[in-house]
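Letter by letter, the chains look like this.
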Amino acid sequence: MRVGDSPLCVPRGGNGLLRVGVQRWASGVASLDTALGGGLAYGRVHELYAAQGEDVPAAAGFALALLTAMAGLEAGDGRAALWLRSRRAVRQGGVVQANGWTELGGQPGDCIFAMIADAKDLLKAAVDGLRSGALGAVVVETQGNLPELDLTASRRLALAAEKSGTTLFLLRNGAEPVPSAAETRWRVAAAPSRALPANAPGAPVFDIELLRQRSGPSGLSWQLEWNRDRRIFTEAAAAGALVSLPARGSPAAAGAEPDRPEAKEAIQRAA
């Protein structure tokens, strides 16, 4: 679901452009949407970091959920998404499975995947994709620190996304956060799901932490369950998940495995 902010006329630093009526995607979780000023902004850059190496499938699953909802891939509206991957990301994370993405509610046939070995070419392809205005969203997936993705490069991506209105997700695995022009920055980890009747695998659950946003509160965390039919999130506790989390909010951080394996199964089928 897409909502609009109250009209805004806020000068952006140094380039004379105005932000007017930013469109936002309402996640379905009131506290999350309130913290984001109404929802996750379209036409902006959003960074997603896997909390640990074993959370790479969870971060990919979270990106797939956001891509499905925000790019309209469930609606078959004809606007394809573009997913660009570095060679290291492919080696580390494997390939996205169509069946797994379908189970998350998406239309994988509407996404174009490309592997680009050279980092500069990868970022150039992302800028070109954003500037085209023909895409529902763009994902750039990298593995490890990427010196080429410096503040200047991230500003170029942010300007291209804002001008075209195309949302960019930077999926940064095995990397430490660095200064960037991203609108939001998130840490993502897998969390246990609640089993369905007959002990069937439950819906994917994600631990997310808002590390930074350009204008608004940060340092907040949620545990979200993905509703593939409505393509929104619900709070896992409200959905009935019986989960005991360590202080950091990630089972992986405590060195413990989830009580049930079902939580990761749907995500791993997509990654």
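What you see is a predicted model, and the numbers here were worked out from it, not measured in a lab.

Thresholds applied
- Residues numbered from 1 in each chain as written.
- Predicted model: local features only at pLDDT ≥ 70, side-chain atom pairs only at ≥ 80, totals over all residues.
- Heavy atoms only, no water.
- Buried < 20%, exposed > 50% of the residue type's maximum accessible area, 1.4 Å probe, protein only.
- Helix = DSSP H or I, 4+ residues; strand = E, 2+ residues; numbered from the N terminus.
- Pairing = 2+ DSSP bridges.
- Right-handed = clockwise from strand over helix to strand, strands pointing away.
- Phe/Tyr/Trp six-rings, centres within 6.5 Å; stacked < 30°, edge-to-face > 60°.
- Axes fitted to C-alpha atoms, helices over the stretch in contact; angles between N-to-C directions.
- Patch = residues over 30% accessible without salt bridge, like charges linked within 9 Å, V, L, I, M, F, W, Y side chains within 5 Å.
- Areas by Shrake-Rupley, 256 points an atom, 1.4 Å probe, with all protein chains shown as cover.
- Salt bridge = Lys/Arg side-chain N within 4 Å of Asp/Glu carboxyl O.
- Lys, Arg positive; Asp, Glu negative; His and termini not counted.
- Charge placed at Lys NZ, Arg CZ, Asp CG, Glu CD.
- Expected span 1.5 Å × (residues − 1).
- Arc of directions from axis to C-beta.
- Contact = heavy atoms within 4.5 Å.
- Polar contact = N/O pair within 3.5 Å; in protein donor to acceptor, adjacent residues only side chain to side chain.
- Parallel < 35°, antiparallel > 145°, perpendicular 65-115°, else oblique.
- Left-handed = near helix turned anticlockwise from the far one by under 90°.
- Nonpolar A, V, L, I, M, F, W, Y, C, P; charged D, E, K, R; others polar.

Caption draft 1: Here's a closer look at the pairing of strand 10 (residues 167-173). Counting buried residues in strand 10 gives 7 out of 7 residues, a clear majority hidden from the surface. Taking every second residue as pointing to the same face, both faces of strand 10 are buried, with Thr167, Phe169, Leu171 and Asn173 on one and Leu168, Leu170 and Arg172 on the other. With 5 bridges joining them, strand 6 (residues 45-50) and strand 10 adopt parallel strand pairing. Note that in strand 10 the partner of His46 across the bridge is Phe169. Here strand 9 (residues 137-143) runs beside strand 10; their pairing, made up of 7 bridges, is parallel. Bridge pairing in strand 10 links Val138 to Leu168. Handedness of the strand 9-helix 6 (residues 151-164)-strand 10 crossover: right-handed.

Caption draft 2: The arrangement of unusual backbone geometry in detail. For Arg231, which is not glycine, the phi torsion reads 60 degrees and is therefore positive. Tracing the backbone shows Arg231 in the loop between strand 13 (220-227) and strand 14 (232-235).

Caption draft 3: Representation of the packing of aromatic side chains in the model. Under the criterion given, the structure shown has 8 aromatic pairs. Judged by centre distance (6.3 Å) and plane angle (80 degrees), the rings of Trp101 and Phe113 are edge-to-face. With a gap of 12 residues between them, Trp101 in helix 4 (residues 98-103) and Phe113 in strand 8 (residues 111-115) connect regions that are remote in the sequence. What makes Phe113 partly exposed here is its relative accessible area of 37%.

Caption draft 4: Seen up close, the sheet that holds strand 12 (residues 205-213). Ordered in space as 8-7-9-10-6-11-12-13-14, the 9 strands form an open sheet in which the pairing is mixed. Pairing within the sheet leaves two strands with one partner each, and these edge strands are strand 8 and strand 14. For this sheet, the mean inter-axis angle between neighbouring strands, taken without regard to orientation, is 30 degrees. As judged from the 5 bridges shared by strand 7 (residues 81-85) and strand 8, these two strands associate in the parallel manner. What sits directly across from Ala81, in strand 8, is Cys111.

Caption draft 5: Representation of a negative patch on the surface. Together, Asp118, Asp121, Glu148 and Asp150 make up a region of like negative charge exposed at the surface. Residue placement: Glu148 occurs in the loop between strand 9 and helix 6.

Caption draft 6: View of helix 5 (residues 119-132). When the terminal C-alpha atoms of helix 5 are compared, their 20 Å separation across 14 residues agrees well with the 20 Å that a helix rising 1.5 Å per residue should span. All buried positions along helix 5 are accounted for by Ala119, Leu122, Leu123, Ala126, Val127, Gly129 and Leu130. For helix 5, the buried positions fall inside an angular range of 160 degrees around the axis, keeping them on one side. Residues of helix 5 that are exposed and angled more than 90 degrees away from the buried face: Lys120, Lys124 and Arg131. Considering only its buried residues, helix 5 is in contact with strand 7, strand 9, helix 6 and strand 10. Its side-chain oxygen placed 3.1 Å from the backbone nitrogen of Lys120, Asp118 serves as the N-cap of helix 5.

Caption draft 7: Geometry of the packing of helix 5 against helix 6. Relative to each other, helix 5 and helix 6 sit at 15 degrees, their axes nearing to 8 Å. In this view, helix 5 runs roughly parallel relative to helix 6, as classed from their interaxial angle. Regarding helix 5 and helix 6, the two cross each other, and that crossing is left-handed. For the pair formed by helix 5 and helix 6, the contact residues are Leu123, Ala126, Val127, Leu130 and Arg131 on the first element and Ala153, Arg156, Leu157, Ala160, Ala161 and Ser164 on the second. The residue makeup of the contact of helix 5 with helix 6, split by class, is 8 nonpolar, 1 polar and 2 charged.

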